[in-house]
Amino acid sequence: MQPQPAQSQKTGTAPFLEIRNVRKSFGGVQALKDVSVTLQAGQIYHLMGENGCGKSTLIKIISGAQPATSGQIFIDGVQTEGEVAGDLGAIGALRAGIETVYQDLSLLPNLSVAENVALTGQLVEADGSLARRLKLGALYETAAKALEQVHLPTDRAFLTRRIDTLPLATRQLVAIARAIAAEARLVIMDEPTTSLTRQEVNYLLSVVRELLDKGVTVLFVTHKLDEVKSLGGHAIIMRDGQKVAERDVTTTNKAEIGHLMTGREISEARYRTEPKIGDTLLQVEGLSQARAFTNLSFTVRKGEILGVTGLLDSGRNELALALSGVVPAERGTIRLGGRSVALRSPAEAIREGVGYVPEDRLTEGLFLEKSIQDNVTLPVLNRLRNFFGMISQRKARKLSEDQITDLQVVAPDVTVPVQSLSGGNQQRVLIGRWLTIEPRLLVLHGPTVGVDVGSKDTIFRIIQRLADDGMAVVIISDDLPELLQNCDRILVMRQGGIVADYAAEEVDEDGIYQTMAAGPATEAPANMDEEAAQ
Amino acid sequence: MTDMTLTNSGPGVFRRIWDLMGRRPELFTLALVILTVIGVAIANPDFLAVNNLFDILRASVVRGIFAMGVLAVLAAGGIDVSFTAIAAFVMYALTMLVTNVFPGMPIWVILPLAAAGGAAFGVVNGLLVHALRTPSLIVTIGTQYFIRSFLLTFIGTALFMNIPAAMDGFGKASLITWHGTNGVISTLPATVLVLVATAFATWFILERTLMGRAIFAAGGTPGIAERLGFNLFYVRLFVFGWAGLLAGVAGIVHVASNRLANPFDLAGMELEIIAAVVLGGAKITGGSGTVVGTLLGVVLITLVSNVLVFIGIPSTLQLAIIGAFILLAGTIFALRNRA
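Residues numbered from 1 in each chain as written. Chains lettered and ligands numbered in written order. Predicted model: local features only at pLDDT ≥ 70, side-chain atom pairs only at ≥ 80, totals over all residues.

A closer look at the overall build of chain A
Within chain A, the secondary structure is distributed over 19 helices and 20 strands. Put simply, chain A has 534 residues, and 45% of those count as buried. When contacts within chain A are restricted to residue pairs at least 6 apart in sequence, those whose partners lie at least 24 apart make up 69%. (Helix = DSSP H or I, 4+ residues; strand = E, 2+ residues; numbered from the N terminus. Buried ≥ 20, exposed ≤ 12 C-beta atoms within 10 Å, placed from the backbone. Contact = placed C-beta atoms within 7 Å.)

Okay, structure coming up:
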């Protein structure tokens, strides 16, 4: 089923995994340029780097999800043989004992806990063939054994429970149990702590420690160095598709790693200078939405930038959707410029002058195969009508050209499809679209997710300029430095309520983090599943 | 997240029934079946007779066999509307072949042949869906028209009034003969066994094989399923092949029961079958569904289309009732998913 442990002891000195001179290109873009990494058995590694530095590509190659363009992969000192050099293949990687816990956890939401934990084992055993009987007894047995190691329940009721009825932290443990069930020798975890509370993170880390004690190699993809420092290990730092350094995390500080990641001193300077704050524009009172948030009240003034943050389940995302009319609030009032408005749909929000830049620009925001012009002019097509009631191409072109010049979008022409642009430029197109409606209030949801540092800088400058022009801006984000650098005030949400309202200048990252994570003493992870009953 | 709900007064009876239905949507279908039966029985107490039960079972056979195939396709996240055309093609071409060339062919050769023929068409559907990367609805609309047109243009349009002896005998074979008190004789046809076997095989595949789990995995989240090493190509080939195979079988059962091979038959039945499967709790978007639920959905559709005449509801109104049931079930299932 997997390479015998005896063999690895025999070869002794050979590292568990070695990749040599791996390159990967997509079309003309080089995602990985000659990367070599060695992972020793039983050690922990932290893969760090900015978005777009190639770390996710590297993981995909190690986990067999994508073949490398060239290069070699050695497991226990033996070169893997695939159809292409450096191609493990999904089943091949599983066979070698490489398990990946992606950020989305790769759980099958409509299948049971037991199936999620132990089904892939049977699949590997069958060599990918599906014409096999499902061994139910073995399935439950393997699953129970693995679940025990992450201290989850092992009774039949839990084993047969559907994944989509479990809370996130429990799902994370199920995903780890799957790796254990597969007798993984390398577990790759892609930003596993992103949406967990601090207590859940500590619990996760203790499970990881147990894995290391058993001789399993762990590769963490992370940007939260503080969190993982207690685990020790090596940081592998990548930049522009290359490995730039390896450091011992216990003796390296954040600034040094930041410098290595970006290749320059990261300025933590505030972009916010001399705010020109005017009258109250947005007044929210007693806003509630069942299961998401309760009784939220706050105001935003003209020219003010308000940050909103919180953990994934704090209700921040739902607040963004409520302000933009995508999922309206159920109770409470929203006043814009003193007048009560009902934002029951995005169309109403647009009419009221609320622009919304969604979190996931690829699926919620942009029409990727359409041109910049089509994307930018979408909300104002009415205004672009000519005498015959048709859309004036001339006006549309002018408007979109103005926007891309204004927002410094790097593109040959407004007719190129948006998908040909980089992440940062796509985001600017999306912001440009909402500027066409001349919004009074601009709601930005994760404005720099998946955007490189250079673009981030540009986007921040744009946000500041808009506020200076008198627009009220709400930034909803979990990127704390982003909020600290840009906002006047920062609201912290927890479990559906606002728990703090900070002046951005008077608080630091750690202070906010404490506030957003410090919940009431949460239940012990072993019975966390009860929470899901809701 | 739980403790902030304002009106949480503990789970009431309604709440618990609701939750149970959320986990087992087929219970809702069962409730609809029972309500319909009670409604009809109150209006006309004669309804609760053995011969009516037999009639409903008889009328459920072809629908039920089709529905098992559709269930597999829906569970895998696809949709198939070509199965009626496959059934029509297989039944007509095979009847013609047996009548003209092998008049003595026994039913135990005819049925496997029909299954093989249907499966061949189904596999082509699966190949096209995979190779063209096109939604299966589009692909199967295309193949449906192709198959139907080919049948009517090149095979024939004339009805076979005298079907081969083996098929005729198969249709007439009876499991149970019931002599009613009023002298009515009713029979439970042996074709019901085909449905039983089909349902069992489908249940076994879906619940007890790796293929079954792969089908649900692919129907729920195909990207993740693929990443975990499930081969989606096999899954697609299999589910469309299975739907085709069962369509071939259903075609022969249809001919045997009606003692008539009409190439124009079965057309337009696709939506009704898909409706039955969805009424049985399968999501149109894939990743869920059970054999028991699907059978209940089929019974419900059959009840409404065969029995309402019994209580004086004109046949033209039946569609409206089916429509109402679908809307009701659709709403309930959608609410359950949102909760």
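Picking up where we left off.
Details of the overall build of chain B
From N to C terminus, chain B includes 14 helices and two strands. Relative to the compact-globule value of 20 Å for 339 residues, chain B shows a C-alpha radius of gyration of 21 Å, a close match. C-alpha atoms of chain B, sized along the principal axes, occupy 75 × 60 × 35 Å. A total of 339 residues make up chain B; the buried ones form 47% of that total. In chain B, once contacts between residues fewer than 6 apart in sequence are set aside, the share between residues at least 24 apart is 78%. (Rg over C-alpha atoms; globule rule 2.2 N^0.38 Å.)

Describing the pairing of strand β16 (residues 354-357) of chain A
All names here are of chain A. A two-sided burial pattern is seen for β16, the buried positions comprising V354 and Y356 on one face and G355 and V357 on the other. As defined by bridge partners, β16 adjoins strand β17 (residues 441-445) across four bridges and the pair is classed as parallel. Across the sheet, residue Y356 finds its bridge partner in β17, namely V443. (Pairing = 2+ DSSP bridges.)

Description of the interface of chain B and chain A
Taken together, the contact between chain B and chain A spans 25 residues of the former and 29 residues of the latter. Residue assignment for the side of chain B that touches chain A shows that the elements contributing at least two residues are α9 (210-220) and α10 (222-227) of chain B. Take the side of chain B that touches chain A: its biggest share by element is eight residues, from α9 of chain B. Residues that form the side of chain B that touches chain A fall into these classes: 12 nonpolar, 10 polar and three charged. (Nonpolar A, V, L, I, M, F, W, Y, C, P; charged D, E, K, R; others polar.)

Re the packing of helix α5 (residues 136-149) of chain A against helix α7 (residues 168-181) of chain A
Residues and elements named next belong to chain A. The contact between α5 and α7 brings their axes to 8 Å, and the two run at 120°. In terms of orientation, α5 lies oblique with respect to α7. Crossing handedness for the pair α5 and α7: right-handed. Contacts between α5 and α7 pair T142, A143, A146, L147 and Q149 from the former with A177, I180 and A181 from the latter. (Axes fitted to C-alpha atoms, helices over the stretch in contact; angles between N-to-C directions. Parallel < 35°, antiparallel > 145°, perpendicular 65-115°, else oblique. Left-handed = near helix turned anticlockwise from the far one by under 90°.)

Considering the nonpolar core
Core analysis: the largest hydrophobic core is formed by 181 residues, its most contacted members being A143 and A177 of chain A together with I65, V70, I215 and I252 of chain B. Per element, the largest residue contribution to this core is 15 residues, and it comes from helix α11 (residues 232-258) of chain B. Here this core spans two domains, and each of domain 1 (5-97 + 183-262) and domain 2 (107-166) of chain A adds at least three residues to it. Other than its neighbours up to four places away in sequence, V70 of chain B contacts D80, F83, A243, I273, I274 and V277 of chain B. Core analysis: the next-biggest nonpolar cluster, separate from the first, contains 63 residues, L323, I334, I475 and I512 of chain A among them. (Core = buried A, V, L, I, M, F, W, Y, C linked by C-beta atoms within 7 Å. Domains from an automatic or database assignment.)

Focus on the sheet that holds strand β8 (residues 217-221) of chain A
Hydrogen bonds between backbone groups are what pair the strands of a sheet, and the pairing can be parallel or antiparallel. All names here are of chain A. Taken together, six strands build an open sheet; the order of strands is β6-β7-β8-β3-β9-β10 and the sheet is mixed. Each of the sheet's edge strands pairs with one partner strand only, and the pair in question is β6 (98-101) and β10 (242-248). Taking the axes of each pair of neighbouring strands and ignoring which way they run, one obtains an average angle of 20° across the sheet. Direction of pairing for β6 relative to strand β7 (residues 186-190): parallel, over a ladder of four bridges. Residue pairing for β7: V101 is matched across the bridge by M189. Its contacts with the sheet put helix α2 (residues 55-62) on β3 (44-49), β6, β7, β8 and β9 (234-239), and the angle it makes with β7 is roughly 150°.

Considerations on the environment of Y203 of chain A
Residues and elements named next belong to chain A. Inspection of the secondary structure assignment puts Y203 in helix α8 (residues 198-213). The class for Y203 is buried, based on 22 C-beta atoms found within 10 Å. Each C-alpha atom of the pair Y203 and L368 lies 40 Å from the other, and the pair is 165 residues apart in sequence.

Notes on the environment of P67 of chain A
Residues and elements named next belong to chain A. With respect to the element layout, P67 can be found in the loop between α2 and β4 (70-75). Owing to 19 C-beta atoms within 10 Å, P67 belongs among the partly exposed residues under this scheme. Sequence separation of P67 and K24 is 43 residues, and the distance between their C-alpha atoms is 8.1 Å.

Observations concerning the confidence of the model for chain A
All names here are of chain A. Looking at chain A as a whole, its pLDDT mean stands at 81, while 88% of the residues score no less than 70. This stretch, residues 1-11, has a pLDDT under 50; its non-local contacts, to residues over four places away or in other chains, come to 15 contacts. Within the model, pLDDT remains below 50 along residues 519-534, and this stretch shows 28 contacts once partners closer than five positions in the same chain are excluded. (pLDDT = per-residue confidence, 0-100.)

Focus on α5 of chain A
Because an α-helix completes one turn every 3.6 residues, residues spaced three or four positions apart along the sequence face the same direction. Residues and elements named next belong to chain A. With 14 residues, α5 extends 20 Å from end C-alpha to end C-alpha; this agrees with the ideal 20 Å at 1.5 Å per step. Listed as buried for α5 are L139, T142, A143, A144, A146 and L147. Taken from the residues just after α5, H151 is the one with a positive phi, measuring 60°. (Expected span 1.5 Å × (residues − 1).)

What about unusual backbone geometry?
Positive phi, close to 55°, is recorded for D34 of chain A, a residue that is not glycine. In this structure, D34 of chain A sits in strand β2 (residues 29-39). Of the residues examined, D34 of chain A has 14 C-beta atoms within 10 Å and is grouped as partly exposed. One non-glycine residue with positive phi stands out, namely R259 of chain B, at about 50°. When you line up the elements, R259 of chain B lands in the loop between α11 and α12 (270-279).

Details of the sheet that holds strand β13 (residues 305-310) of chain A
Residues and elements named next belong to chain A. The six strands are arranged β16-β17-β18-β13-β19-β20 in an open sheet whose pairing can be described as mixed. The open sheet has two free edges, formed respectively by β16 and β20 (497-503), since each of these has just one partner strand. Taking each pair of neighbouring strands and ignoring which way they run, the sheet shows an average axis angle of 20°.

So, the pairing of strand β1 (residues 174-179) of chain B
Residue and element names in this part refer to chain B. Burial analysis of β1 places just zero of its six residues in the buried class, a small minority of the element. In terms of strand pairing, β1 meets strand β2 (residues 185-189) through five bridges, oriented antiparallel. Considered in β2, the bridge of T177 is made with T187. Once β1 ends, the chain turns through five residues before running back antiparallel as β2, passing G183 with a positive phi of about 85°.

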